[in-house]
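# A look at the structure
Residue-level listing of the chains:
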Amino acid sequence: MLKFILLVNKQGQTRLAQYYEHPEQDRVSIERDIIRKCLAREDSQCSFLEYKNFKLVYRRYASLYFIVGVDHMENELAILELIHNIVETYDKYFDKVCELDIMFNLDKAYMILEEMVMNGRIVEMNQNRILLPIRVMDQAAQ
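Owing to the predicted nature of the structure, the values given are computational and were not obtained by experimental measurement. (Residues numbered from 1 in each chain as written. Predicted model: local features only at pLDDT ≥ 70, side-chain atom pairs only at ≥ 80, totals over all residues. Heavy atoms only, no water.)

## A few points about helix α5 (residues 127-141)
For α5, spanning 15 residues, the distance from its first C-alpha to its last is 21 Å, which sits close to the expected 21 Å at 1.5 Å a residue. In α5, a bend of some 30° at P133 exceeds every other bend along the element. Within α5, the full set of buried residues consists of Q127, I130, L131 and I134. Measuring from the side-chain oxygen of the N-cap residue of α5 to the backbone nitrogen of N128 gives 2.9 Å; that N-cap residue is N126. (Helix = DSSP H or I, 4+ residues; strand = E, 2+ residues; numbered from the N terminus. Expected span 1.5 Å × (residues − 1). Bend = angle between axes of the 7 residues up to and from the residue. Buried < 20%, exposed > 50% of the residue type's maximum accessible area, 1.4 Å probe, protein only. Polar contact = N/O pair within 3.5 Å; in protein donor to acceptor, adjacent residues only side chain to side chain.)

Below, the structure written as structure tokens:
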């Protein structure tokens, strides 16, 4: 089960944070510690690491780090595939996504994420089905 998804830039600023479980500690201090650990790692190091009572799976795309906290029962490679699918879905919707797209369209970024993951469970991976409700809302707004 997923505990959280964080999108962080290279400077360590959180751009998007979605929690599926209430953290035991202060959320800000946990985020700061997780971000520091992930950003300090070399590119040649593994994208999985243990942190307290869960695992961190992360991947860097351009200037953004996608960090996912999962319990010990979750498959790390499946989470890497989820991260890749999130990036591809953002790319498809925002047409070559960048950090600014996330910042200025935070509501759309959250909606896409919520179409993919609900209550810490992956519910949809098909990009067309994920983007359909968002595109319908875009058409209704015009």
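## Some thoughts on the UniProt feature "domain: AP complex mu/sigma subunit" (unreviewed entry) in the chain
In the UniProt entry, the feature "domain: AP complex mu/sigma subunit" (unreviewed entry) is given for residues 1-140. As annotated, residues 1-140 has a helix share of 46% and a strand share of 26%, and its two end C-alpha atoms lie 34 Å apart. (UniProt positions renumbered as here; feature names shortened; annotations may be inferred.)

## Notes on the packing of helix α2 (residues 76-94) against α5
Direction vectors running N to C along α2 and α5 enclose 35°, while the axes themselves pass 11 Å from each other. In the crossing of α2 with α5, the sense of the turn from one axis to the other is right-handed. Between α2, through N85, E88, T89, K92 and Y93, and α5, the contact on the second element is made entirely by Q127, N128, I130, L131, I134, R135 and D138. Considered class by class, the residues forming the contact of α2 with α5 number 4 nonpolar, 4 polar and 4 charged. (Axes fitted to C-alpha atoms, helices over the stretch in contact; angles between N-to-C directions. Left-handed = near helix turned anticlockwise from the far one by under 90°. Contact = heavy atoms within 4.5 Å. Nonpolar A, V, L, I, M, F, W, Y, C, P; charged D, E, K, R; others polar.)

## Topic: unusual backbone geometry
With a phi angle near 50°, K52 is a residue other than glycine that sits in the positive phi range. Tracing the sequence through the fold places K52 in the loop between β3 (48-51) and β4 (54-61). Overall, K52 belongs to the exposed group, its relative accessible area being 53%. Unusually for a residue other than glycine, K96 sits at a positive phi of about 65°. Looking at the secondary structure, you find K96 in the loop between α2 and α3 (99-104).

## A few points about a nonpolar patch on the surface
A surface patch of nonpolar side chains, about 330 Å² in accessible area, is lined by L100, M103 and F104. With respect to the helices and strands, M103 occurs in helix α3. By relative accessible area, which is 34% here, M103 ends up partly exposed. (Patch = residues over 30% accessible without salt bridge, like charges linked within 9 Å, V, L, I, M, F, W, Y side chains within 5 Å. Areas by Shrake-Rupley, 256 points an atom, 1.4 Å probe, with all protein chains shown as cover. Salt bridge = Lys/Arg side-chain N within 4 Å of Asp/Glu carboxyl O.)

## Details of the environment of R135
On the secondary structure map, R135 appears in helix α5. By relative accessible area, which is 34% here, R135 ends up partly exposed. Expressed as a C-alpha distance, the spacing of R135 and L6, which sit 129 residues apart in the sequence, is 24 Å. If we ignore the near neighbours within four places in the chain, the residues touching R135 are K92 and Y93.

## Observations concerning the pattern of salt bridges
All told, the structure shown has 8 salt bridges when counted by the stated rule. The partner of E31 in a salt bridge is R27, with the nearest N and O atoms 3.8 Å apart. In this pair, E31 and R27 are both assigned in helix α1 (residues 27-40), 4 residues apart and thus about one turn of the helix distant. Given the relative accessible area of 10%, E31 is considered buried. In this structure, the salt-bridge partner of K108 is D138, at a minimum N-O distance of 2.8 Å. Residue K108 is located in helix α4 (residues 106-116), and its partner D138 is located in helix α5; the two are separated by 30 residues in the primary sequence. A residue is classified by how much of its surface remains accessible, and K108, at 16% relative accessible area, is buried.

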